[in-house]
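# Notes for the structure review
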Amino acid sequence: MTELVEPPAPAGAVAPQWCDRCGESVAAGPHLACAAARALEPPRWCAHCRRRMKVQVVPTGWSAVCVEHGETRG
């Protein structure tokens, strides 16, 4: 299984406001099912701007691209 690799946060960055799996607010409560599912699948939503990301899954891992915040690989 591949390790999740997040890009380094820029200086002064704020904490993610959105769940990267379901797209709902992280303030709405714990996302236990989302956290469990994220162990096996890539993110679908940008955690910073709630945009749907372009996701590509290959045998060696995955990449998810937000047009605003760039690429995440895992």
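Figured I'd write up the structure that's included with this text.

Criteria and cut-off values
Residues numbered from 1 in each chain as written. Predicted model: local features only at pLDDT ≥ 70, side-chain atom pairs only at ≥ 80, totals over all residues. Heavy atoms only, no water. Salt bridge = Lys/Arg side-chain N within 4 Å of Asp/Glu carboxyl O. Helix = DSSP H or I, 4+ residues; strand = E, 2+ residues; numbered from the N terminus. Buried < 20%, exposed > 50% of the residue type's maximum accessible area, 1.4 Å probe, protein only. Phe/Tyr/Trp six-rings, centres within 6.5 Å; stacked < 30°, edge-to-face > 60°. Lys NZ or Arg CZ within 6 Å of the ring centre and 35° of its normal.

Counted by the stated rule, this structure contains five salt bridges. Residues aspartate 20 and arginine 38 are paired through a salt bridge, measuring 3.1 Å at the closest nitrogen-oxygen approach. Taken together, the positions of aspartate 20 in the segment before helix 1 (32–38) and arginine 38 in helix 1 put the pair 18 residues apart, joining distant regions of the chain. Residue classification places arginine 38 among the buried residues on the basis of a relative accessible area of 8%. Here arginine 21 makes a salt bridge to glutamate 41, at a shortest N to O gap of 3.2 Å. Highlighted residues: arginine 21 in the segment before helix 1 and glutamate 41 in the loop between helix 1 and strand 1 (54–58), separated in sequence by 20 residues. Judged by its relative accessible area of 30%, arginine 21 falls in the partly exposed class. A residue is classified by how much of its surface remains accessible, and glutamate 41, at 28% relative accessible area, is partly exposed.

Time to look at the packing of aromatic side chains. Summed over the entire model, instances satisfying the criterion amount to zero aromatic pairs. Here the basic side chain of arginine 52 rests over the ring of tryptophan 45, its NZ or CZ set 5.1 Å away from the ring centre.

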